[in-house]
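# Examination of the molecular architecture
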Amino acid sequence: MAAQDLEQFRQLVIESPELQSKLRDIDDWAEFGRVVTLEAAALGLVVEPVDIEEARAAARRAWLERWIP
Amino acid sequence: MTAAVDLTGWTPIRVSFDGTTPMIDWCYTGKERFADSFFDQTVERCLRRPFSLLFRRAVPIHDVERLVAERPDPAGFVFHASRCGSTLVSQMLAALPGAHVLSEPPPVDTILRSRFTQPGVSADGLASWVRTIVLALSRPGSRSFYKFDSWTAIDLPILRRAFPDVPWVFLYREPAEILGSQLRRRGAHMIPGVLPPELFGLGADGGVAVPPEVYCARVLSAILAAGLTELERNPGVSLAANYRRLPASMFDEIAPLFSLEVRDEDHRRMLDVARWDAKNPALEYDPGLAAVAMPEVAAAADHWAGPFYARLEALR
């Protein structure tokens, strides 16, 4: 459920310049997790810091493995 | 996708395929200057930011085509035979104010390689995809320059079809020096099997049954031959530039070809860049590190690539 909520939140962010501006300049992962959790909750979505950590690991792995067919 | 999509500050960092449709993976890069030696180094830095790593967007190429259709053509293309000073040229261009330099951007290579992975695509279709991804990588308000992978010289006809008016330079060097350097530390194209052997006109065995110096010499000869052929076909918009004349030829040949106005302060900045190792700017450039080839390497270089080198020299 949490992974689905994060994906739904991601879609909403992609469509919202306002949400993007709140998130895109944050360099610190802990702060980023805090803001995502709050903004997602405001939209009725449950995103926990652990979901973001898992998404971070998956995205890094996908990037590093981008040359593997 | 709706017309309201705004990709300002976003950069295509990768291309994948959804069936036969190229999907462009956009990453928020903000105002980050692509001033590193290679495109992916800047992308890596951007991907350290949480938003840029996690909030990417994939857009089909036909939607991207509409978004970038009005962007101006690039200001210049740099092709090269590898180990020829191309990174130095791209770094010197990046020192110019308002320049946006894309150095070996993988999205362009993925699209070009799709002629092997997507056999149904026509020549016009491929040129259209190339035009779209190149323009998508440009930055509105900047003059965009592209330094391609060395093997992209073989795709010059496709890039010329996509951008017939864009001026381009082909950098080359004594084949034995290139091979000497490559055999110490090979680029991807010099490792059998990494790129399709057909790209270099090699047989189905990919040329793996020959000694390393012969394989590398054949790859190099294919790149030099491709550059030479297109230089001969396009004398008005192209230039052959030998490594040994850098950085001087940056000012007296390449800059005029690209219609660059190099002011005194630009000249100083560009020369300052030339003091440093282009691939590792923490180190001063040491011409004493120039490659020296073993006799068998020099012989293979001379046999396979020597004739094309001589004809490139005769063009100048």
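Calculation criteria
- Residues numbered from 1 in each chain as written.
- Chains lettered and ligands numbered in written order.
- Predicted model: local features only at pLDDT ≥ 70, side-chain atom pairs only at ≥ 80, totals over all residues.
- Heavy atoms only, no water.
- Helix = DSSP H or I, 4+ residues; strand = E, 2+ residues; numbered from the N terminus.
- Buried < 20%, exposed > 50% of the residue type's maximum accessible area, 1.4 Å probe, protein only.
- Contact = heavy atoms within 4.5 Å.
- Areas by Shrake-Rupley, 256 points an atom, 1.4 Å probe, with all protein chains shown as cover.
- Lys, Arg positive; Asp, Glu negative; His and termini not counted.
- Charge placed at Lys NZ, Arg CZ, Asp CG, Glu CD.
- pLDDT = per-residue confidence, 0-100.
- Axes fitted to C-alpha atoms, helices over the stretch in contact; angles between N-to-C directions.
- Parallel < 35°, antiparallel > 145°, perpendicular 65-115°, else oblique.
- Left-handed = near helix turned anticlockwise from the far one by under 90°.
- Nonpolar A, V, L, I, M, F, W, Y, C, P; charged D, E, K, R; others polar.
- Expected span 1.5 Å × (residues − 1).
- Pairing = 2+ DSSP bridges.
- Salt bridge = Lys/Arg side-chain N within 4 Å of Asp/Glu carboxyl O.
- Core = buried A, V, L, I, M, F, W, Y, C linked by side-chain atoms within 4.5 Å.

### Considering the overall build of chain A
For chain A, the count of helices and strands is four helices and zero strands. Ordered by position in the sequence, the α and β elements of chain A form the string α-α-α-α. Taking the principal axes of the C-alpha coordinates as reference, chain A spans close to 40 × 25 × 25 Å. Within the span of chain A, comprising 69 residues, buried residues form 36% of the whole. Put simply, 43% of the contacts in chain A that link residues at least 6 apart link residues at least 24 apart. Accessible surface, chain A: about 4300 Å² in total, of which carbon and sulfur atoms supply 57%. Both charge centroids of chain A, one from 8 positive and one from 14 negative side chains, sit 6 Å from each other.

### Describing the confidence of the model for chain B
On average, residues of chain B score 92 in pLDDT, and 93% of them are at 70 or above. Among the prediction metrics, the complex's ipTM stands at 0.95, with pTM recorded as 0.92.

### Focus on the packing of helix 3 (residues 29-42) of chain A against helix 4 (residues 49-64) of chain A
All names here are of chain A. Closest axis-to-axis distance for the helix 3/helix 4 pair is 9 Å, and the angle between their directions is 120°. When the interaxial angle is binned, helix 3 and helix 4 end up oblique. Here helix 3 runs over helix 4; the crossing is right-handed. Along the contact surface, helix 3 presents W29, F32, G33, V36 and T37, while helix 4 presents P49, I52 and R56. When the residues that make up the contact of helix 3 with helix 4 are grouped by side-chain class, the tally is five nonpolar, two polar and one charged.

### Re the packing of helix 9 (residues 212-233) of chain B against helix 12 (residues 295-315) of chain B
Residue and element names in this part refer to chain B. In the contact formed by helix 9 and helix 12, the axes pass within 8 Å of each other and the chain directions differ by 5°. Classified by the interaxial angle, the pair formed by helix 9 and helix 12 is roughly parallel. In this structure, helix 9 uses E213, V214, A217, R218, L220, S221, L224, A225, L228, L231 and E232 to contact helix 12, whose residues at the interface are E296, V297, A300, A301, W304, A305, F308, R311, L312 and L315. Per-class residue counts for the contact of helix 9 with helix 12 are 15 nonpolar, one polar and five charged.

### What about helix 4 of chain A?
Compared with an ideal rise of 1.5 Å per residue, which puts 16 residues at 22 Å, helix 4 of chain A spans 23 Å between its outermost C-alpha atoms and is within 8% of the ideal. Each element contacted by the buried residues of helix 4 of chain A is listed here: helix 1 (2-14) and helix 3 of chain A together with strand 1 (10-18), helix 1 (39-46) and helix 2 (50-54) of chain B.

### Some points on the pairing of strand 4 (residues 76-80) of chain B
Residues and elements named next belong to chain B. For strand 4, a buried count of five out of five residues is recorded, marking the element as mostly surrounded by other parts of the structure. Neither face of strand 4 is left uncovered, since the one carrying G76, V78 and H80 and the one carrying F77 and F79 both have all their residues buried. Here strand 4 runs beside strand 6 (residues 143-147); their pairing, made up of three bridges, is parallel. Its bridge partner being in strand 6, V78 is matched across the sheet by K147. Sheet topology note: the strand 4/strand 7 (residues 168-172) ladder contains four bridges and is parallel. Counterpart to H80 in the pairing with strand 7 is L171.

### Some remarks on the pattern of salt bridges
The full count for this structure, using the stated rule, is 27 salt bridges over all chains. A salt bridge links R34(A) to E31(A); the shortest N-O distance between them is 3.0 Å. Of this pair, R34(A) and E31(A) both sit in helix 3, three residues apart, which is roughly one turn of the helix. Residue R34(A) is classed as partly exposed on the basis of its relative accessible area of 45%. A salt bridge links D109(B) to R113(B), with the shortest nitrogen-to-oxygen separation between them at 2.5 Å. Here D109(B) and its partner R113(B) are both found in helix 5 (residues 106-117), four residues apart, which amounts to about one turn of the helix.

### Section: the sheet that holds strand 5 (residues 99-103) of chain B
All names here are of chain B. The strand order across the open sheet formed by five strands is 5-6-4-7-8, and the pairing between neighbours is parallel. One side of each edge strand has no neighbouring strand; the edge strands of this open sheet are strand 5 and strand 8 (238-242). Neighbouring strand axes in the sheet, compared pairwise and without regard to direction, differ in orientation by 20° on average. When strand 7 meets strand 8, the two strands line up parallel, connected through five bridges. Looking at strand 8, one finds that V169 is bridged to L239. Here helix 4 (residues 86-94) sits on the sheet in contact with strand 4, strand 5, strand 6 and strand 7, set at roughly 155° to strand 5.

### Some thoughts on the nonpolar core
Judged by nonpolar contacts, the single largest core of 119 residues is most densely connected at L23(A), F32(A), F77(B), L93(B), F170(B) and F200(B). Counting residues per element, this core draws most heavily on helix 9 of chain B, which supplies eleven residues. If sequence neighbours within four positions are ignored, F170(B) has contacts with F79(B), H80(B), A81(B), A153(B), I223(B), L224(B), G227(B), L231(B), L239(B), A240(B), A241(B) and L312(B).

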